[in-house]
Amino acid sequence: MIRQSLKLRKTLTVLGIVSLFLLLFLILTRRNSGVHQRIEEEDIQKLDRDFNDLPKKDKLINMDMEDKMQQNSDNDGTKRELQEAKSRIDQLEKKIAILEGRVPQKYPEVKFLGYKERKRILVTGGAGFVGSHLVDVLMTQGHEVIVVDNFFTGRKRNVEHWFGHRNFEMIHHDIVNPLYVEADEIYHLASPASPPHYMQNPVKTIKTNTLGTINMLGLARRVGAKILIASTSEVYGDPMVHPQPESYWGHVNPIGPRACYDEGKRVAETLAYSYAKQEKVAVRVARIFNTYGPRMHVSDGRVVSNFIMQALQNLTITVYGNGKQTRSFCYVSDLVDGLLALMAANYTLPVNLGNPVENTIQEFAMIIKNQVPGCRSMVAKGAPVEDDPQRRRPDITVAKEHLHWEPKVSLQEGLQRTIDYFKEELSRTTFQNNQTYMNMKSQH
Ligand SMILES: NC(=O)c1ccc[n+]([C@@H]2O[C@H](COP(=O)([O-])OP(=O)(O)OC[C@H]3O[C@@H](n4cnc5c(N)ncnc54)[C@H](O)[C@@H]3O)[C@@H](O)[C@H]2O)c1
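Because the structure is predicted, anything quoted here is derived from the model rather than measured. (Residues numbered from 1 in each chain as written. Predicted model: local features only at pLDDT ≥ 70, side-chain atom pairs only at ≥ 80, totals over all residues.)

**Quick word on the overall build of the protein**
Summing up its helical and strand segments, the protein has 10 helices and 13 strands in all. With 444 residues in all, the protein has 36% of them scored as buried. (Helix = DSSP H or I, 4+ residues; strand = E, 2+ residues; numbered from the N terminus. Buried ≥ 20, exposed ≤ 12 C-beta atoms within 10 Å, placed from the backbone.)

**A few points about the sheet that holds strand 4 (residues 185-188)**
One open sheet accounts for seven strands, arranged 3-2-1-4-5-6-11; its pairing is parallel. Of all the strands in the sheet, just strand 3 (168-172) and strand 11 (351-353) have a single pairing partner and so form its edges. On average, each strand axis in the sheet is inclined to that of its neighbour by 20°, with strand direction left out of account. Contacts between helix 7 (residues 332-344) and the sheet are confined to strand 4, strand 5 (226-232), strand 6 (283-288) and strand 11, with strand 6 contributing the most and set at about 155° to the helix. (Pairing = 2+ DSSP bridges. Axes fitted to C-alpha atoms, helices over the stretch in contact; angles between N-to-C directions. Contact = placed C-beta atoms within 7 Å.)

**Quick look at unusual backbone geometry**
For the bond from histidine 242 to proline 243, the omega torsion is -15°, close enough to zero to count as cis. Structurally, the position occupied by proline 243 is in the loop between strand 5 and helix 5 (259-279). One non-glycine residue, phenylalanine 151, lies in positive phi territory at about 60°. Of note, phenylalanine 151 is situated in the loop between strand 2 (144-149) and strand 3. With 11 C-beta atoms packed within 10 Å, phenylalanine 151 lands in the exposed category. The backbone of lysine 280 shows a phi angle near 60°, a positive value even though the residue is not glycine. As for its position among the elements, lysine 280 is in the loop between helix 5 and strand 6.

**So, the site of the ligand**
Neighbouring residues of the ligand: 28 residues in total, closest Gly125, Gly128, Thr153, Gly154 and Ala193. Those elements that place two or more of their residues in the shell around the ligand are helix 2 (129-140), helix 4 (202-223) and strand 5. By residue number, the principal contributor to the shell around the ligand is helix 2, which donates three residues. When the residues that make up the shell around the ligand are grouped by side-chain class, the tally is 13 nonpolar, 13 polar and two charged. (Near = placed C-beta within 6 Å. Nonpolar A, V, L, I, M, F, W, Y, C, P; charged D, E, K, R; others polar.)

**Let's talk about the environment of lysine 207**
Here lysine 207 is to be found in helix 4. Sequence separation between lysine 207 and valine 176 is 31 residues, and the spatial gap between their C-alpha atoms is 6.5 Å. The contacts of lysine 207, once residues within four sequence positions are left out, are Val176 and Gly212.

**Points about helix 5**
An ideal rise of 1.5 Å per residue puts 30 Å on 21 residues; helix 5 measures up with 28 Å between its terminal C-alpha atoms. Among the residues of helix 5, those classed as buried are Ala259, Cys260, Tyr261, Asp262, Glu263, Gly264, Lys265, Arg266, Ala268, Ala272 and Tyr275. Contacts made by the buried residues of helix 5 are with helix 3 (195-200), helix 4, strand 5 and strand 6. In the stretch just after helix 5, lysine 280 is the one whose phi turns positive, near 60°. (Expected span 1.5 Å × (residues − 1).)

**Looking at helix 6 (residues 303-312)**
Counting buried positions along helix 6 yields 10 of 10 residues, so the element is predominantly enclosed. Looking only at helix 6, the buried set comprises Val303, Val304, Ser305, Asn306, Phe307, Ile308, Met309, Gln310, Ala311 and Leu312. Residues of helix 6 that are buried sit in contact with strand 7 (291-292), strand 8 (317-320), strand 9 (326-328), helix 8 (361-371) and helix 10 (411-427). Phi turns positive, to about 55°, at asparagine 314, one or two residues after helix 6.

**Considerations on the confidence of the model for the protein**
Per-residue confidence for the protein averages 86 on the pLDDT scale, and 79% of its residues sit at or above 70. Ignoring residues within four places in sequence, the model shows residues 31-40, a span with pLDDT below 50, making zero contacts including any to other chains. Ignoring residues within four places in sequence, the model shows residues 433-442, a span with pLDDT below 50, making 23 contacts including any to other chains. (pLDDT = per-residue confidence, 0-100.)

**Concerning the nonpolar core**
If you look at the biggest cluster of nonpolar residues, it comprises 77 residues, and the most contacted ones within it are Ile227 and Leu339. Among the elements that line this core, the one with the most residues is helix 6, at seven residues. Among all residues touching leucine 339, those that are not within four sequence positions of it are Leu134, Tyr187, Leu228, Ala286 and Leu353. (Core = buried A, V, L, I, M, F, W, Y, C linked by C-beta atoms within 7 Å.)

**Observations regarding the pairing of strand 5**
When a strand is regular, its side chains alternate between the sheet's two faces. Taken across its seven residues, strand 5 has six buried, putting it largely inside the fold. Strand direction decides the pairing type here: strand 4 and strand 5, joined by four bridges, are parallel. Across the sheet, glutamate 185 pairs through a bridge with lysine 226, a residue of strand 5. Pairing of strand 5 with strand 6 involves six bridges; the strand directions are parallel. Across the sheet, the residue bridging to isoleucine 227 is valine 283, located in strand 6. A crossover links strand 5 with its parallel partner strand 6, the connecting element being helix 5, and its sense is right-handed. (Right-handed = clockwise from strand over helix to strand, strands pointing away.)

**Comments concerning the environment of lysine 423**
Along the chain, lysine 423 falls in helix 10. By the C-beta count within 10 Å, which is 12 here, lysine 423 ends up exposed. With 115 residues separating them in the primary sequence, lysine 423 and isoleucine 308 have C-alpha atoms 9.0 Å apart.

**What about the packing of helix 4 against helix 5?**
Axis separation between helix 4 and helix 5 bottoms out at 9 Å; the angle between their running directions is 15°. In this view, helix 4 runs roughly parallel relative to helix 5, as classed from their interaxial angle. For the crossing formed where helix 4 meets helix 5, the hand is right-handed. Contact residues: Pro202, Thr205, Ile206, Asn209, Thr210, Thr213, Ile214, Leu217 and Arg221 in helix 4; Cys260, Tyr261, Gly264, Lys265, Val267, Ala268, Leu271, Ala272, Tyr275 and Glu279 in helix 5. Grouping the amino acids of the contact of helix 4 with helix 5 by side-chain chemistry returns 11 nonpolar, five polar and three charged. (Parallel < 35°, antiparallel > 145°, perpendicular 65-115°, else oblique. Left-handed = near helix turned anticlockwise from the far one by under 90°.)

**Brief notes about the packing of helix 2 against helix 7**
Taken N-terminus to C-terminus, the directions of helix 2 and helix 7 make an angle of 65°; their axes are 10 Å apart at the nearest point. The crossing of helix 2 and helix 7 is right-handed. On helix 7, the residues touching Val130, His133, Leu134 and Val137 of helix 2 are Val332, Ser333, Leu335, Val336, Leu339 and Leu340. Looking at the contact of helix 2 with helix 7, its residues break down into eight nonpolar, two polar and no charged.

What follows is the structure in C-alpha cells.
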C-alpha cells in the first residue's frame, strides 16, 4: 500500500512537472505569437504606408520621366535650332564667298601719293559710263575718290573693283538733295545722258541739272573746291554752224522733247559762270560730244549701242531718217584724258571735248556691220526722230591750244574694244535687256 501510494505520488509529481512545462510552453508560445502579430501589424502598416506612397512614387517617377522627356525634347529643339543656325551660317558663308569672288582681293595697281599731292576728289555720277572710267584713272593716280550716285542709269558693277579700297568711297545719294562732304575737286557728271533715259522723266532731268548743279556749286563754294561741269554738245541743239566752236550759241528748241536735257545743261553752264563771277568758285565746263566705249548701257538707245547690239544679234540695223545726219564719236579714254586736262588747266571758259572725225549715220551702220565678224544684219531705214540734230562735229581748236589735248584712239580700235564688251554683256546669263533696247528710238 505504501509502495502504491509512493508510485502515485511520483506519477503526480511527474504530471505536475509536465503540466508546468506545458503551461510554460503555452505562455511562451502565446507571447511569441503576440510579438509576431505586432511584427506583422508593423509590416502591414508599413506596407500600407508604402502602398499609399506608391502613387506618389509613381508620380515622382512619372514626373521624373516627364522631366527627362521634356529635357530630351528641349535637347531635340536645341539641336534643331543649332542645325538651322548652322545651315544659315553655311548659306551666309556661301554668299560671302560669292561676294568675295566679285569683290577682288587684289585691286588694280594704285600709285602712292604723298600728303601734299594726294587730292580728295568727288565724282558725281561716278557709277555711270564716263564717270566710272574717270574714277579708274583718278584711283590709279593715287587720289582719294568719293563717288556719289543715285544709280538711275549707273551701276555698282562699274566701280565694284574699288569697293573696300582705302582710297575709295561710294555714297548712294541723289544730288537734287544737298550733300556735305570735303573735297578738293569735284567732277560733276551726274545726269542721265541718253535720250531715252533723260526723256523718261524730263522733270527729274531738269532738277538734276539745275538743283543738282546748284547743290554741287554750293558745295564747291563751301569747301573751296574746283568744280568741272559735264556739259554737252546738245547745248548747240540742231546747229546752224558747222563744225561747232565754243563761241556758237546754239540752236535749241526750248520746248521740244530734248529740251529737258539741252536746256538743263545750258542752265547748268549759266549757273557755273554765275557762281564763278559772284562767289569766286573755280569752274571748268566741258562740252562733251558723243562718246562710246565699254560700260555704255546696252539699252540706252544711242547709235553706237543700238547698232552694235543689232549687228551682234544679226538683227536689222535701223537708221532713223535718211541716214545722212552726221555724228563724230570719241572713245571714252580720250574723253577722260580731256576732262583731266581741263580740270588741271587754267582755262575757265567752255571747252569742246570730242572726236572731230565725222561720219554719216548710214556710213557708221556699215562700219559696225563690217566690224562684227559674220554679221548678216540688213541696214534699213526708219521714220526720222523729232529734233534729231542733222550735223554734229566738234571744233577742238580750243582744247588743242589750251589743254594740248586731242583724241588718240581710232574709230576702228575703239569700236573693237566696245564690240568685245557688248559681246560679253550679251553672253551674261543674267542679261535681260537685249529685247527692250530695240524699242528705244534715237540717233543720239
Ligand atoms: N556719254 C556721252 O556721249 C555724253 C555726251 C555728252 C555729255 N555727257 C555728259 O557726261 C555725263 C556722264 O554721262 P554718261 O554717258 O556717263 O551717262 P550715264 O548715264 O552712264 O552716267 C550718269 C550717272 O549719273 C547718275 N545720276 C543721274 N542722276 C543722278 C542724280 N540725280 N543724283 C545722283 N546721280 C545721278 C546715274 O546714275 C549715272 O551713274 C553726263 O552729265 C552727260 O550729260 C555724256
